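As a plain string of letters, each chain reads:
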Amino acid sequence: MQPSHANDFALPMFMFAGGAIGNLIAIFVLSVSIRERKSSAFYTLVCGLAVTDLLGTCLASPLTIANYLNPNVLKIPRVCEFHSFLLLFFGLTGLSIICAMAAERYLAICCPYTYQRWRVDPRPSHTVFCCLPAMGASASELQLSGTWCFINWRTPEPVAAAYCVLYGVVSLLLILGTIALNLAVCSALLLMRRSSARLPATGGSVRRRWTALSSTAEAQMIAVLVTTSVVVLACSAPLVIRVFHNCFILEQDPKADLASIRIASVNPILDPWIYILLRRSLFQRILSLTRRGRRTRGGSSPKTPRNPFHPELTGESPVLTQLIGNANITALLPSAVKSPTHNADSLCQTPTD
């Protein structure tokens, strides 16, 4: 099956333009958002995901487009191996970054001291792992649709088959890890809110401090994390399913394989618009309008108490991640730490009256 239809050619052109333009805009928006960039490592990972999506789009899509113009391009062995490496590497890196984002939020909220010592750089290991097919651990081949190259997932050779299964297992573990961390983050925040709500709203109480700290920043970060996770996992899961299917089932379905890689290619197009539409300034305006509408319908409400630690910050100030995501949390929340040797991980436990 060779690429010949004009409609088929228009699709990779549209995906290339959408991915490149969207990620360039997202990188610009993230670079000028100084407050967001300095708030925590979370936005460093977000920016890294945008750069990864941009590089993957700009490197892989031109080869696909060139193959539509000349069906013999991907028949060149070295070009096919390079195209396969790009799909393997950027697919795995995207899953790893979104998993690292979820882990970063979990550590920042529940284990701030551990978070200060947390450093992960998965790029070297990913590069070596994804280069293994070119080094002889597996073989890259032009798929039956004739438009993309990937590892030979139906090979009877034990080493190549083991690599195919290993790639699927690693991808599956990253997906499951991301889901588990997201659930843990949301559960921890929910427990903290419920615990603080049961405390009396007296001056200097934990409840008042949580009211001052939990705000737009918390909601916005979790919104970015959850939305990006849903998009990345939804786009990556079909290809992972096809990897396992083709490794263990001999039945061939080139249309399903092509659909899975196209769905995975949609991910770099959707990701940047999450950062753009959910950037903090716009998110604050949306929440402000929502709250204003509630106040209008429900009558006037008392003014939000000012932050006792920073008078210039009100209860709706985006400071949660700036305060919780570092080791200085003990200076800002003195009542949360009983002594200098108190374990920081106890901040995740339900506070008592």
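The model shown is predicted, which means the values in this text are computed figures rather than measured ones. All chains use their own residue numbering, which begins from 1 and follows the written sequence. Local features in a predicted model are, by the rule used here, given only for residues with pLDDT of at least 70; side-chain atom pairs are given and counted only at 80 or more, and totals for whole chains, interfaces and linings are based on all residues. Side-chain metrics in this entry use all non-hydrogen atoms of the structure; hydrogen atoms and water are not considered.

**Some details on the state of the cysteines**
Here, two cysteine sulfur atoms that lie within 2.5 Å of each other are counted as a disulfide. A full pass over the atoms with the stated rule returns 2 disulfides. In this model, Cys 80 is linked to Cys 149 through a disulfide, with the two sulfur atoms separated by 2.2 Å. Across the S-S bond linking Cys 80 and Cys 149, the dihedral sits near -120 degrees, which makes this disulfide left-handed. Of this pair, Cys 80 sits in helix α4 (residues 77–110) while Cys 149 is found in strand β2 (residues 149–151), placing the two residues 69 residues apart along the sequence. This pair shows no difference in class: Cys 80 is buried, exactly as Cys 149 is. A disulfide bridge connects Cys 164 with Cys 247, and the sulfur atoms are separated by 2.3 Å. Judged by the torsion about the S-S bond (-85 degrees), the Cys 164/Cys 247 disulfide is left-handed. Residue Cys 164 is found in helix α7 (residues 158–197), and its partner Cys 247 is found in helix α9 (residues 216–248); the two are separated by 83 residues along the sequence. Here the term buried applies to any residue with accessible area under 20% of the maximum for its type, exposed to any over 50%, and partly exposed to those in between, with areas from a 1.4 Å probe on protein chains only. Under the relative-accessibility criterion, Cys 164 is labelled buried at 1%. The class for Cys 247 is partly exposed, based on a relative accessible area of 23%. Each helix is a run of H or I in the DSSP string that is no shorter than four residues. Each strand is a run of E no shorter than two, and both are numbered from the N terminus.

**What about the pattern of salt bridges?**
Opposite charge on two side chains permits pairing when their charged atoms draw close. Salt bridges are defined as contacts in which a side-chain nitrogen from Lys or Arg sits within 4 Å of a carboxyl oxygen from Asp or Glu. One pass over the structure, following the stated rule, counts 4 salt bridges. The partner of Glu 104 in a salt bridge is Arg 105, and the shortest N-O contact between them spans 2.7 Å. Judged by its relative accessible area of 0%, Glu 104 is buried. Accessibility expressed as a relative area gives 2% for Arg 105, which makes it buried. Here the salt bridges do not stand alone but share partners, grouping Arg 154, Arg 242 and Asp 257 into one network.

**Digging into empty space enclosed by the protein**
Grid spacing is 1 Å over the protein atoms alone, the probe is 1.4 Å, and a cavity is where that probe fits but cannot get out, while a pocket is an open set with protein on both sides within 12 Å along at least five of seven lines and lining residues have an atom within 4 Å of a point. Grid points are joined across faces, edges and corners, and a volume is the space filled by probe spheres set on the points. Considering all chains together, one arrives at 2 cavities of 30 Å³ or more under this definition. For the largest cavity, the calculated volume is near 690 Å³. Lining of the largest cavity is provided by 35 residues; of these, Leu 87, Ile 261, Ala 264, Ser 265 and Pro 268 occupy positions nearest its centre. For the lining of the largest cavity, the secondary structure elements donating two or more residues are α1 (6–32), α3 (42–69), α4, α7, α9 and α10 (254–277). All amino acids are sorted into three groups, where Ala, Val, Leu, Ile, Met, Phe, Trp, Tyr, Cys and Pro are nonpolar, Asp, Glu, Lys and Arg are charged, and the leftover types, Gly among them, are polar. Classifying every residue of the lining of the largest cavity gives 20 nonpolar, 13 polar and 2 charged.

**Points about α4**
Its 34 residues place the ends of α4 49 Å apart at the C-alpha level, agreeing with the 50 Å of an ideal helix rising 1.5 Å per residue. Most of α4 sits out of view: 27 of its 34 residues are buried. Under the convention used throughout, the expected extent of a helix is 1.5 Å for every residue step, that is, one less than its residue count.

**Points about α10**
Along an α-helix, a turn takes 3.6 residues, which lines up residues three or four apart on a common side. The terminal C-alpha atoms of α10 lie 36 Å apart, and with 24 residues this matches the ideal 34 Å at 1.5 Å per residue to within 8%. A bend of about 25 degrees at Ile 269 is the largest found in α10, and the proline Pro 272 appears one to four places after it. Three or more residues of α10 are buried, namely Asp 257, Leu 258, Ser 260, Ile 261, Asn 267, Pro 268, Ile 269, Asp 271, Pro 272, Ile 274, Tyr 275 and Ile 276. Working definition for bend: take the seven residues up to and ending at a residue and the seven starting at it, fit an axis to each, and measure the angle between the axes.

**So, the UniProt feature "transmembrane region" (unreviewed entry) in the protein**
UniProt positions are given in the numbering used here, feature names are shortened, and annotations may be inferred rather than shown by experiment. UniProt marks residues 12–34, 41–65, 85–107, 165–191 and 217–241 with the feature "transmembrane region" (unreviewed entry), using the numbering shown here. In the segment residues 85–107, helix accounts for 100% and strand for 0%; the C-alpha atoms at its two ends are 32 Å apart. The span residues 165–191 is 100% helical and 0% strand by assignment, and the distance between its end C-alpha atoms comes to 39 Å.

**Concerning the confidence of the model for the protein**
For every residue, the predictor states its confidence as a pLDDT score lying anywhere from 0 to 100. Mean pLDDT for the protein: 74, with 63% of residues reaching 70 or above. When pLDDT is averaged over each helix and strand of the protein, the minimum, 40, is found for helix α13 (residues 329–332) and the maximum, 91, for β2. In this model residues 1–6 is a low-confidence stretch, pLDDT under 50, and it forms 11 contacts with partners more than four residues away in sequence or in other chains. Here, two residues are considered to be in contact whenever any of their heavy atoms come within 4.5 Å of each other. For residues 300–353, every residue scores under 50 in pLDDT, and the model assigns this stretch 100 contacts once sequence neighbours within four places are set aside.

**Brief notes about the side chain of Thr 178**
Its location among the elements puts Thr 178 in helix α7. For Thr 178, a relative accessible area of 0% gives the class buried. In this structure Thr 178 touches Leu 95, Ile 98, Cys 99, Ala 102, Ser 229 and Leu 233, once residues within four positions along its chain are discounted.

**A few points about the nonpolar core**
By convention a nonpolar core is built from buried Ala, Val, Leu, Ile, Met, Phe, Trp, Tyr and Cys residues, the set being connected through side-chain atoms within 4.5 Å. Membership of the largest hydrophobic core comes to 53 residues, with the highest contact counts inside it found for Phe 42, Val 46, Met 101, Phe 150 and Tyr 275. For this core, the element with the highest residue contribution is α4, accounting for 14 residues. The contact partners of Phe 42, leaving out residues within four places of it in the chain, are Met 101, Glu 104, Arg 105, Met 221, Val 224 and Leu 225. With 9 residues, the next largest nonpolar core counts Leu 107, Ile 109, Cys 111 and Val 185 among its residues.

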